[in-house]
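Listed below, chain by chain, are the residues.
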Amino acid sequence: MLRTLSLAGAALLIVIAGGCSSLLGGGGDRERATIYAPDPRVQPDPAWPRAEWQLSLSPPTAARMIDSFRIAVRPTPSELQVYRGASWAKTPTDMLQDAVLRTLEDSGRMNAVARQGAGITADYKLVLDLRRFEADYAGNALPAATIEVNAKLIHNIDQTVVESRTFLVAQPASSTEVAQVVEAFGAALQSVGGEMTGWILEVGNRHEATHQRRPAATR
């Protein structure tokens, strides 16, 4: 079981001039908007193994509708809206990559981990495809911050996929208020970051144990 730090202060609120409609593509009156910046922190799990190899993170991919500054909400299975007067400080793909990178860095379990292009000689790279990042009611009275992402760990020498896994987290919000929904997204990012970190370390170590080490071919 992963231990997570308190979510107190997880959402940074900045009020600015602007506005967004509750419906995608809608106009609406101009209004003051609140920008939310979840700041998830994951406490390392003592069970995570130590890795003697290096990792780079490719920029995550996502459909344009998913990777938006607007905060998506799904009131019914076939309907997607956005919260009026609220937006993200970063895109969902940036928030996801930040959460995973910070968790790996703070874990102290790796020799080096960095974003792609940072200049490290990586033995493996992590490729992420973000499929869902939305508040989903799913027939319930309260929405759940839902994050679905497929992760692939790729061996840089031969570009083979070591393993692929889809992570799905649905963290219920404590109310329908946007601030509480954002808090649930912070907890969901914590869960994804922690689960993915443990998986990366275990899968990479298992591959290293069964394949002869050679210098990495790409950066």
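Residues numbered from 1 in each chain as written. Predicted model: local features only at pLDDT ≥ 70, side-chain atom pairs only at ≥ 80, totals over all residues. Heavy atoms only, no water.

**Some words on the overall build of the chain**
Working step 1: Looking only at helices and strands, one finds two helices and ten strands in the chain.
Working step 2: Starting at the N terminus and ending at the C terminus, the chain contains elements arranged as β-β-β-β-β-β-α-β-β-β-β-α.
Working step 3: Looking at the chain residue by residue over its 219 residues, the buried ones come to 47%.
Working step 4: Within the chain, contacts between residues separated by at least 24 positions form 71% of all contacts whose residues are at least 6 apart in sequence.
Working step 5: With the model as given, the accessible surface of the chain reaches about 10600 Å², and the carbon-plus-sulfur share is 50%. (Helix = DSSP H or I, 4+ residues; strand = E, 2+ residues; numbered from the N terminus. Buried < 20%, exposed > 50% of the residue type's maximum accessible area, 1.4 Å probe, protein only. Contact = heavy atoms within 4.5 Å. Areas by Shrake-Rupley, 256 points an atom, 1.4 Å probe, with all protein chains shown as cover.)

**A few points about helix 1 (residues 92-107)**
Working step 1: Here helix 1 is 16 residues long and its end C-alpha atoms lie 22 Å apart, about the 22 Å a rise of 1.5 Å per residue gives.
Working step 2: Those residues of helix 1 that sit buried are Pro 92, Thr 93, Met 95, Leu 96, Gln 97, Ala 99, Val 100, Leu 101, Thr 103, Leu 104 and Ser 107.
Working step 3: Gly 108 occupies a position one or two residues after helix 1 and carries a positive phi of about 70°. (Expected span 1.5 Å × (residues − 1).)

**A word on the environment of Glu 202**
Working step 1: Relative to the elements of secondary structure, Glu 202 occurs in helix 2 (residues 178-210).
Working step 2: As for Glu 202 and Arg 50, which are separated by 152 residues in sequence, their C-alpha atoms are 8.9 Å apart.

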